[in-house]
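# Summary of structural features
So you can see what is in the structure, the chains are spelled out below.
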Amino acid sequence: MHIPDNYLSPAICAVMTAVMVPVWAVSIHKIRQELPKEKLPMLGVGAAFSFLGMMFNIPIPGGTTGHAVGGTLISLLLGPYAACISVSVALLLQALIFGDGGILAFGANCFNMAFVLPFVGYAVYQFIAKRVKSSRGKLVAAGIGSYVGINASALAAAIEFGIQPALFRDSAGNALYCPYGLNVSIPAMMIGHLTVFGLAEVVYTVAVYAFVSRVSPVMLHDREGSRTAPALKGLIAALIVLTPLGLLAEGTAWGEWGTEEIAATGIGYTPAGMQNGFSWGALLPDYSVSGMPEAIGYVISAAIGVALLIIIFKLLSLLGGGKAEGEAA
Amino acid sequence: MRMNLSVMRLIGRVIDSDTQFHRGYQTPRPAPILRLAVAFVCILLCALSRNAWFTLAVLSVELLRTAMKPPRVMAHILRPVAVAVIFAAAFTAPAIFLGSPGSFGTITMKVCESVLVLSLMNEEVSWKETTGALSSLRLPGIVIFTLDTTVRFLVILGRFSNEMVEAVSLRGVGKRSWRTAGTGGILGTTFLKSQQMATATSEAMVCRGFNGSYAPGRRRLRANSRRQHLIDGLYALLIPLLIAGFIYTQRLMTAG
């Protein structure tokens, strides 16, 4: 679901970023107002879970892959505004260091995965959770919320891809950016997400949410939360070690092909906007270390990504933001 | 002089925090000597490695360890790392324009890794434990004694000089440069004070039965020493693991 650079026109990228600016501003304002300062470091832990979730690629028939995002999970743990900022920072790190998702398309990726996903997922969860009382019912609500959230997010991405050929074409009639219209992009994105990837998001959300509720309920209900619980540390470590499982999925996710791959997908040409577009040289492209076995590079990338996310948010908690303990909610 | 004072104050803060942070560690931890050895092996192997892989792998683990610390401790650890990385990047930046961007990245990363390892060790092992560990290495007592007293006196004299500068500033009228604040007098007084302190320390040591030989305190094993041995043994395994990782990455480079 990470839209690479040059799949969307720069104009669309600018519009999506402009849309996200007020969302980020409101989210930061809400976090300062509602989230206790002591809980700010947990944003980093949430972002780390999202980052790790996105590294577990799952294959589906047809040679394409996808992954869970964990946006609904963070919104359940910390609220949708915190989830928006957590996932945005995770996406920024992925784009800058690992080349996953474009720099120009950052606003669009944030709109899909850091705005639509957590807010829709959280709204659905709240709607169901208010009507059930048992903890199992809340888990079901979390599962349904995450499923609807990731599908809403995938639909938004599919629409962004699909409107490109209708809006941007060269004199020969060839698409300048993403060459597939809505008739292809929507089914291509939604079939995977309505089935396997949606299920992966449900499993990831429910499993981690149930685990956290059991071993660290303080994270869900209490206002203290600056220390990462040992069980959570263990879970993060286990996920890092298991990330090479994501390499078992061969193939590229739909809409994430490189310029050399796109012509072979059936359109027969490489769109001009992609061929001559912006290119960013990431430090660890595709979560790999040049010359090292893929699995080791993947684990190192996961460890660096998780560590940086937690460090960034913990340091931010020292700078300020978040309300002081004891202030009225 | 201001700069010297800043250095002294910095050391003072390190020692102060040393005592503050270590009050919290009650659970059994690996022996300081092992921590020193692992940190030394880490830094040595990173310096010896001819590619970025080994350094990157160690760096990722150290960053994860840092990420698990409380925010204030983390900031304390990362401050010297940030300064070292900025300096290293500034010094090696010309390599980018001279056609060797890889050297820029590798050297900066090695500096980051080395300072991070030291900074983490400084956070987790107190100065007292460090000198105790050095004595286990059969380092002459007089060397450890000199190290111990030097650091302590740096802190004490740093505070003393700082108080004098503050007193002179408060008594002065208007904005005065440090050059006119009686630098020579302050330094001279600090020197005389150090002489007095050295004499007082020596007399106090004689009073407490000092016979000329210095035996720094070694760490006593706790009651549950079996658990301590297990922790030490597991931690000691890191050394062969690090060496194996180093050899593996060097072979990988040769094969590539």
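Residues numbered from 1 in each chain as written. Chains lettered and ligands numbered in written order. Predicted model: local features only at pLDDT ≥ 70, side-chain atom pairs only at ≥ 80, totals over all residues.

### Remarks on the overall build of chain A
Counting secondary structure elements, chain A contains 13 helices and two strands. Its C-alpha radius of gyration of 19 Å places chain A within 12% of the 20 Å reference for a compact globule of 329 residues. By the burial criterion, 52% of the 329 residues in chain A qualify as buried. Sequence-distant contacts, at least 24 apart, represent 78% of the contacts inside chain A between residues at least 6 apart. (Helix = DSSP H or I, 4+ residues; strand = E, 2+ residues; numbered from the N terminus. Rg over C-alpha atoms; globule rule 2.2 N^0.38 Å. Buried ≥ 20, exposed ≤ 12 C-beta atoms within 10 Å, placed from the backbone. Contact = placed C-beta atoms within 7 Å.)

### Some words on the interface of chain A and chain B
With 20 residues of chain A at the contact, the number on the chain B side is 17 residues. Sorting elements by how many residues they give to the side of chain A that touches chain B places helix 13 (residues 294-319) of chain A first, with 12 residues. For the side of chain A that touches chain B, the class distribution of residues is 13 nonpolar, four polar and three charged. (Nonpolar A, V, L, I, M, F, W, Y, C, P; charged D, E, K, R; others polar.)

### Considerations on the nonpolar core
Ranked by size, the top nonpolar core spans 135 residues in total, and within it A:A48, A:V306, A:A307 and A:L309 carry the most contacts. Element by element, the count of residues in this core is highest for helix 5 (residues 106-129) of chain A, at 14 residues. Apart from residues no more than four positions distant in its own chain, A:A307 is found in contact with B:S60, B:L63, B:L64, B:T66 and B:A67. (Core = buried A, V, L, I, M, F, W, Y, C linked by C-beta atoms within 7 Å.)

### A word on the confidence of the model for chain A
Detailed reading of the predicted model is not advised wherever pLDDT is low. Residue and element names in this part refer to chain A. On average, chain A scores 83 in pLDDT, and the residues at 70 or more come to 92%. Mean pLDDT values for the elements of chain A range from 63 in helix 9 (residues 217-221) up to 93 in helix 5. Overall, residues 222-226 carries pLDDT values under 50, and its contacts beyond four positions in sequence, including any with other chains, amount to 15 contacts. (pLDDT = per-residue confidence, 0-100.)

### With respect to the packing of helix 4 (residues 71-92) of chain B against helix 6 (residues 101-124) of chain B
Residues and elements named next belong to chain B. Where helix 4 meets helix 6, the closest approach of the two axes is 9 Å, and the angle between their N-to-C directions is 155°. In this view, helix 4 runs roughly antiparallel relative to helix 6, as classed from their interaxial angle. Once helix 4 is placed against helix 6, the crossing between them reads as right-handed. Listed contacts from helix 6 to V73, H76, I77, P80, V81, A84, V85, A88, A89 and T92 of helix 4 are S103, F104, I107, T108, V111, C112, V115, L116, S119, L120 and E123. (Axes fitted to C-alpha atoms, helices over the stretch in contact; angles between N-to-C directions. Parallel < 35°, antiparallel > 145°, perpendicular 65-115°, else oblique. Left-handed = near helix turned anticlockwise from the far one by under 90°.)

### Some points on unusual backbone geometry
For residues other than glycine, phi is negative in most cases, and the peptide bonds are mostly trans. In this structure, A:N6 is a non-glycine residue whose phi angle is positive, near 75°. One can find A:N6 in the segment before helix 1 (10-34).

### Overview of the environment of B:T249
Residues and elements named next belong to chain B. Mapped onto the elements of the fold, T249 is located in helix 11 (residues 238-255). Judged by the 23 C-beta atoms lying within 10 Å of it, T249 falls in the buried class. Residues T249 and L45, spaced 204 residues apart in sequence, show a C-alpha to C-alpha distance of 11 Å. For T249, the residues in contact, after removing those within four places along its chain, are S49, N51, W53 and F54.

### Focus on the environment of B:R79
All names here are of chain B. You can see R79 is positioned in helix 4. Its 12 C-beta neighbours within 10 Å are what place R79 among the exposed residues. Placed 83 residues apart in sequence, R79 and N162 show a C-alpha to C-alpha distance of 23 Å.

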